[in-house]
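# Breakdown of the fold
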Amino acid sequence: MTIALALVVLTAEHRVETSAASLITAAARLGTPVAVVVSPGPLSDTATVALGDAGATQILHFTTHDAMTQLITPLVAALATAASTTDPIAIVIEHTIDGREIAGRLSVRLGVGLVTDAVDVRDIEGQPVATTSVLGGSYLVDSVTENGPLIVTIRPGAIEPVTPAFSTAAEVSSQPLPPSAVPGAVIESVTATRVTSNRPELRAATRVVSGGRGLQSLEKFVLVEQLADALGAAVGASRAAVDAGYVLQASQVGQTGVTISPQLYVALGISGAIQHRAGMQTASTIVAINTDANAPIFDIADFGIVGDVFTVVPQLIKQLEMR
Ligand code: FAD
């Protein structure tokens, strides 16, 4: 049996991250999908059922207290241990800041190749192939690796989860992660800070409204949030808006922020620099509002309005609220 491992990360409430279904779908395209999960205690029934429903045939569950005190290394150790016992054809990991670090460390530990920020994966005659989008989305590049499993990070939102017609209960195999597998602690304690928001999480959102330097100030950036709320969207931002202190760095979209592929991306007062486009250009529909008709964002926009956000967006919100 050809196995493809998918790293599933649990939330602070021990629930499965929303990205899990997409990763399991990606793994299923390459082999029999097996979920790898790490937690300090038993795996909840909710998590087990969610993974089975998403198509995982098996769950390799590793327990370690280090799951709470070290952020990355237990996950790398769990994947390395799972790889040594299952001999997978591929290992899929979400392309997040943590996911990139996990994939890089795992690649070094296993001595195998790595493809990052893939927008698609498929099996070609038994060979796992990862597709990346390069040069501003102008080209798609298919990559394969030699000698061992393909480690691939998948861009959030790039692969639509496919729920199996008949879901079966995933077989769970739990084992403690040997302490020797996890290098010595470098972090003394981790404190979870809960950010409460009714808005969808940026990386998983199907609609995103982002604001840039054109919003002018922290106070005026609230317009982005108002349109996001009217659309049921997540809030994103350009790096210029983050650097100016209008919004937290976690909202930054682009090369040094998050990479997303929502169904709808609305760019307000964003010029469309290549580094910003790198994080959003695979969105299905892009809408841009900008005073400068020559702004590069209009080159990739499906719908564009040349206008002042402070005039156009309140009208847009009014129209949405009248629906
Ligand atoms: P600007 O380029 O200043 O554009 C502001 C836009 O707002 C203009 O087009 C203007 O016409 C418009 N505008 C002004 N007033 C209004 C108004 N009232 N109504 C409507 N429109 C208005 N950037 C990112 O976004 N993400 C990244 O991850 C990122 N990583 C980077 C990594 C590196 C190594 C480097 C060198 C740069 C990176 N950048 C990144 C920065 C990037 O190059 C741009 O500087 C940045 O994206 C610009 O942000 P902006 O579009 O908000 O600002």
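This report concerns the structure included in the present document. (Residues numbered from 1 in each chain as written. Predicted model: local features only at pLDDT ≥ 70, side-chain atom pairs only at ≥ 80, totals over all residues. Heavy atoms only, no water.)

### Considering the overall build of the protein
Secondary structure summary: the protein contains ten helices and 14 strands in total. Per-residue burial over the protein gives 48% buried out of 323 residues. The long-range share in the protein, meaning contacts at least 24 apart out of those at least 6 apart in sequence, stands at 64%. (Helix = DSSP H or I, 4+ residues; strand = E, 2+ residues; numbered from the N terminus. Buried < 20%, exposed > 50% of the residue type's maximum accessible area, 1.4 Å probe, protein only. Contact = heavy atoms within 4.5 Å.)

### Description of the site of the ligand
Around the ligand there are 25 residues in total, and R213, S238, T256, S271 and N290 lie nearest to it. Taking R213, its side chain carries an N or O atom lying 2.7 Å from an oxygen atom of the ligand. A distance of 3.1 Å separates a nitrogen atom of the ligand from a polar atom in the side chain of D308. Bound to the protein, the ligand loses 75% of the 980 Å² it would expose on its own. When the residues that make up the shell around the ligand are grouped by side-chain class, the tally is six nonpolar, 15 polar and four charged. (Near = heavy atom within 4 Å. Polar contact = N/O pair within 3.5 Å; in protein donor to acceptor, adjacent residues only side chain to side chain. Areas by Shrake-Rupley, 256 points an atom, 1.4 Å probe, with all protein chains shown as cover. Nonpolar A, V, L, I, M, F, W, Y, C, P; charged D, E, K, R; others polar.)

### Overview of empty space enclosed by the protein
Under the counting rule described, the total for this entry stands at one cavity of 30 Å³ or more. If you trace the largest cavity, you find it lined by E17, T18, S19, E94, E201, R203 and A204. (1 Å grid on protein atoms, 1.4 Å probe; cavity = no way out; pocket = protein on both sides within 12 Å on 5 of 7 lines; lining within 4 Å. Points joined across faces, edges and corners; volume = space filled by probe spheres on them.)

### Points about unusual backbone geometry
Even without a glycine there, the phi angle at D117 is positive, about 60°. Here D117 is to be found in strand 5 (residues 114-124). At E125, a position not held by glycine, the phi torsion is positive, near 50°. Tracing the backbone shows E125 in the loop between strand 5 and strand 6 (127-134). By relative accessible area, which is 81% here, E125 ends up exposed.

### Comments concerning the pairing of strand 10 (residues 207-211)
Burial of strand 10 is extensive: four of the five residues sit out of reach of the surface. Bridge count for strand 10 against strand 12 (residues 264-268) is five bridges, and the pairing is parallel. From the neighbouring strand, V208 faces strand 12, where its bridge partner is Y265. As paired elements, strand 10 and strand 11 (residues 234-237) share four bridges and run parallel to each other. Across the sheet, the residue bridging to S210 is G236, located in strand 11. The β-α-β motif built from strand 10, the intervening helix 6 (residues 222-231) and the parallel element strand 11 has right-handed crossover chirality. (Pairing = 2+ DSSP bridges. Right-handed = clockwise from strand over helix to strand, strands pointing away.)

### Points about the environment of V242
Tracing the backbone through its elements, the reader meets V242 in helix 7 (residues 239-243). A relative accessible area of 12% means that V242 is categorised as buried. For the pair V242 and Q252, spaced ten residues apart in sequence, the C-alpha separation works out to 6.6 Å. The residues touching V242, leaving out its near neighbours within four places in the chain, are A237, V247, L248, Q249 and Q252.

### Points about the packing of helix 4 (residues 73-86) against helix 5 (residues 97-110)
In contact at an axis separation of 9 Å, helix 4 and helix 5 are set at 45° when each is read in the N-to-C sense. Between helix 4 and helix 5, the angle is such that the two are oblique. Regarding helix 4 and helix 5, the two cross each other, and that crossing is right-handed. Between helix 4 and helix 5, the residues in contact are T73, L75, V76, A77, L79, A80 and A83 and I102, R105, L106, R109 and L110, respectively. Split by residue class, the contact of helix 4 with helix 5 holds nine nonpolar, one polar and two charged. (Axes fitted to C-alpha atoms, helices over the stretch in contact; angles between N-to-C directions. Parallel < 35°, antiparallel > 145°, perpendicular 65-115°, else oblique. Left-handed = near helix turned anticlockwise from the far one by under 90°.)

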